[in-house]
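Descriptive structure summary
One-letter residues, chain by chain:
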Amino acid sequence: MPPFPFEPPFGDAPDDETSAKKIAPLKPATGRCLCGKVRFEIDFPAFWAWHDHTKASRRAHGAAYATYVGVWKKRFRLLKGEALIARFEDKTNGSVRNFCSACGTPLYYERARSKHMINIPRALFESRTGRQPIYHIGIEELQEWAYTGEPLVPLKGFPGVVWNRSSKKRRVDDDPFAVMSGRKNKRSGGEGTQTEEPGTTSPIGRGRRAKRGG
Ligand SMILES: [Zn+2]
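Worth saying up front: this structure is predicted, and the values here are computed from it rather than measured. In this numbering scheme, every chain counts its residues from 1 along its sequence in written order. Two thresholds apply to this predicted model, a pLDDT of at least 70 for residue-level local features and 80 or more for giving and counting side-chain atom pairs, whereas whole-chain, interface and lining totals are computed over all residues.

A few words now on the confidence of the model for the protein. This prediction gives the protein a mean pLDDT of 80; 67% of its residues lie at or above 70. For every residue, the predictor states its confidence as a pLDDT score lying anywhere from 0 to 100. C-beta atoms are placed from the backbone for every residue, and two residues are taken to be in contact when these atoms lie within 7 Å. Throughout residues 9–20 the model reports pLDDT below 50, and contacts reaching past four residues in sequence, or to other chains, amount to 20 contacts. With pLDDT under 50 throughout, residues 185–214 is counted as low confidence; its partners more than four residues away or in other chains account for 46 contacts.

Below you can see the structure in the form of C-alpha cells.
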C-alpha cells in the first residue's frame, strides 16, 4: 500500500450531507462509545471522511472496513471519560489508536505522519458530520466477503433476515438456513442448482456496484 498522505489532500470535500451550510452557526457534532462513558465533539463540519480497507484498521475494528471522519485536532474536544481511554501504539507505523477501556469501542486514531489530524470512526457520531465518506484508502484490499450493496431479498421463514440470492459464489452446501428451515438442497433433491424462495422478488438492496480489488 502506498504511504498515506501527510495531510488529507482533499480540502473541499463535497458537503452533501447537509444543505444547512447556509444556516450558520451549526452545532458541534457529538459522538460516544458503546457504553457512553466516553463522549466527544467536533466542530461542524469535519474536514473529510473516507472508508479505510487496510488490514490494521480492519483488525482494530473487527470489521470488513472502517469508515473515518478526519478533523483538525484543535477542532476535537473530549467531553467525558478521558481516564478510561486506553492507547495502543502501532510500532510498525507509529500510529496511535485509542479505545474505551470499559467497552472496547475504537475511539480515535492518530497517524504519526499527520500530526494535526485526528481520525474518528464515523459510526460513533450521533448526528451528521458534514462530510460524506466518498474517498477510499486501500481499496485494493477490499475483502471479497464485504457487503458492497448487492441486491437483497427476504429470507423466507426468518423475519428480519435478508440475503443475496444471486451470488454466484454461494453453494447450497454453504447455506446454514437451508438446513435450519428444512429447505431442500437441490443438489440432493435433484431439482436444479439453487434453492428457490417464492415471493421474494422485491430487491431491497441499493443495487450499488463497487469495484472489487485483487
Ligand atoms: Zn465505552
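For two strands to be treated as a pair, DSSP must find no fewer than two bridges joining them. For helices the rule is a DSSP run of H or I covering at least 4 residues; for strands it is a run of E covering at least 2, with both sets numbered from the N terminus onward. Spatially, 3 strands are ordered β1-β2-β5 in an open sheet, and the strand pairing comes out antiparallel. Two strands in the sheet have a free side with no partner beyond their single neighbour: β1 (29–32) and β5 (76–80). If you compare each strand with its neighbour and ignore which way they point, the axes differ by 25 degrees on average. In this structure, strand β2 (residues 39–42) lies alongside β5, joined through 4 bridges in antiparallel fashion. Bridging from a neighbouring strand, Ile 42 pairs with Phe 76 of β5. Only the contacting stretch of a helix is used when fitting its axis, a line to C-alpha atoms as for every element, and angles between N-to-C directions run 0 to 180 degrees.

Next up on the list: the nonpolar core. What tends to happen in soluble globular proteins is that the nonpolar side chains get buried as a cluster. Only buried residues count toward a nonpolar core: Ala, Val, Leu, Ile, Met, Phe, Trp, Tyr and Cys, linked into one set through C-beta atoms within 7 Å. Any residue whose C-beta has 12 or fewer other C-beta atoms within 10 Å is treated as exposed, any with 20 or more as buried, and any in between as partly exposed, C-beta atoms being built from the backbone. Ranked by size, the top nonpolar core spans 25 residues in total, and within it Ala 46, Ala 49, Tyr 68, Val 69, Val 71, Leu 107 and Ile 120 carry the most contacts. Those elements that provide at least two residues to this core are β2, β3 (48–52), β4 (66–72), β7 (95–100), β8 (106–110) and β9 (117–121). Per element, the largest residue contribution to this core is 4 residues, and it comes from β4.

Turning our attention to the pairing of β7. Here strand β6 (residues 85–90) pairs with β7 via 6 bridges, running antiparallel. Within the sheet, the bridge partner assigned to Glu 89 lies in β7 and is Val 96. As consecutive antiparallel partners, β6 and β7 are separated by 4 residues, and within that stretch Gly 94 has a phi angle of approximately 75 degrees, a positive value. In the sheet, β7 pairs with β8 via 4 bridges, with the strands oriented antiparallel.

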